[in-house]
Amino acid sequence: MSGSIIRHIIVDPKFSAPISNVTVPVGREGVMTCTVHDLHKYKVAWLRVDTQTILTIETLVITKSERVSITHTEQRIWQLRIKDIQESDKGWYMCQINTDPMKSQMGYLDVVDI
């Protein structure tokens, strides 16, 4: 009898859904959600597009802003959270997976006065 060979095929991660655009009143918390499938060894990062600023990598918050945090559920749902939203937070945000070539998608955060 011959032994069987088990092959582990690492599938490149992909986005499960687009990032929804979000509208948040000034002073509230803005939450942008990035849903990833088959992440494996790769990492998810959030960036501010207009300033090319890296905000988070995995669970690590890179930005010095204490208003920014990251939450995730089972390596699939990555949520960028910005407390006490300011007018200056308005703009495009990118969720990025460090594959080669890199994969990314963007969502827009709109800020309104109430």
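Residues numbered from 1 in each chain as written. Predicted model: local features only at pLDDT ≥ 70, side-chain atom pairs only at ≥ 80, totals over all residues. Heavy atoms only, no water.

Taking an unreviewed UniProt entry as the reference, the chain is identified by name as Ig-like domain-containing protein belonging to Culex quinquefasciatus.

### Regarding the nonpolar core
Formed by 22 residues in total, the largest nonpolar core has its most connected members in Trp46, Trp78, Tyr93 and Leu109. For this core, the elements supplying multiple residues, two or more each, are β2 (22–25), β3 (30–37), β4 (44–48), β7 (68–73), β8 (77–82), β9 (91–97) and β10 (103–112). Apart from residues lying up to four places away in sequence, Tyr93 is in contact with Met32, Trp46, Leu47, Arg48, Val49, Leu55, Leu80, Ile82, Gln105, Met106, Gly107 and Leu109. (Core = buried A, V, L, I, M, F, W, Y, C linked by side-chain atoms within 4.5 Å. Buried < 20%, exposed > 50% of the residue type's maximum accessible area, 1.4 Å probe, protein only. Helix = DSSP H or I, 4+ residues; strand = E, 2+ residues; numbered from the N terminus. Contact = heavy atoms within 4.5 Å.)

### Some details on unusual backbone geometry
Residue Asp100 is joined to Pro101 through a cis peptide bond whose omega torsion reads 0 degrees. Residue position: Pro101 is located in the loop between β9 and β10. The phi torsion at Gln52 lies on the positive side, around 55 degrees, for a residue other than glycine. In this fold, Gln52 is placed in the loop between β4 and β5 (53–57).

### Points about the sheet that holds β4
Here we have six strands laid out as an open sheet, ordered β2-β10-β9-β4-β5-β6, and mixed in their pairing. Single-partner strands in this sheet number two, and they are β2 and β6 (60–61). In this sheet, β6 lies alongside β5 in antiparallel orientation, the contact comprising two bridges. Within β6, the residue paired with Ile57 across the bridge is Leu60. (Pairing = 2+ DSSP bridges.)

### Here's the deal with a nonpolar patch on the surface
A contiguous nonpolar patch, built from Ile54, Ile57, Leu60 and Ile62 and spanning about 320 Å² of accessible area, is present on the exposed surface. Taking relative accessible area as the criterion, Ile54 reaches 39% and is therefore assigned partly exposed. (Patch = residues over 30% accessible without salt bridge, like charges linked within 9 Å, V, L, I, M, F, W, Y side chains within 5 Å. Areas by Shrake-Rupley, 256 points an atom, 1.4 Å probe, with all protein chains shown as cover. Salt bridge = Lys/Arg side-chain N within 4 Å of Asp/Glu carboxyl O.)

### Topic: the side chain of Thr99
Within the secondary structure, Thr99 is located in the loop between β9 and β10. For Thr99, the residues in contact, after removing those within four places along its chain, are Asp12, Pro13 and Tyr42.

### Quick word on the sheet that holds strand β1 (residues 14–17)
Reading across from one edge, β1-β3-β8-β7 is the order of the four strands in this open sheet, with antiparallel pairing throughout. Either end of the sheet is taken by a strand with one partner, and the two such strands are β1 and β7. Strand-to-strand twist across the sheet, computed as the mean angle between neighbouring axes with direction ignored, equals 30 degrees. Relative to β3, β1 runs antiparallel, the two sharing three bridges. Bridge pairing in β3 places Lys14 opposite His37. (Axes fitted to C-alpha atoms, helices over the stretch in contact; angles between N-to-C directions.)

### Examining the side chain of Arg48
Tracing the backbone shows Arg48 in strand β4. A polar contact of 3.0 Å, which involves the side chain of Arg48, links it to the backbone oxygen of Ser88. With residues near it in sequence (within four places) discarded, Arg48 still touches Thr53, Leu55, Ser88, Asp89, Lys90, Gly91, Trp92 and Tyr93. (Polar contact = N/O pair within 3.5 Å; in protein donor to acceptor, adjacent residues only side chain to side chain.)

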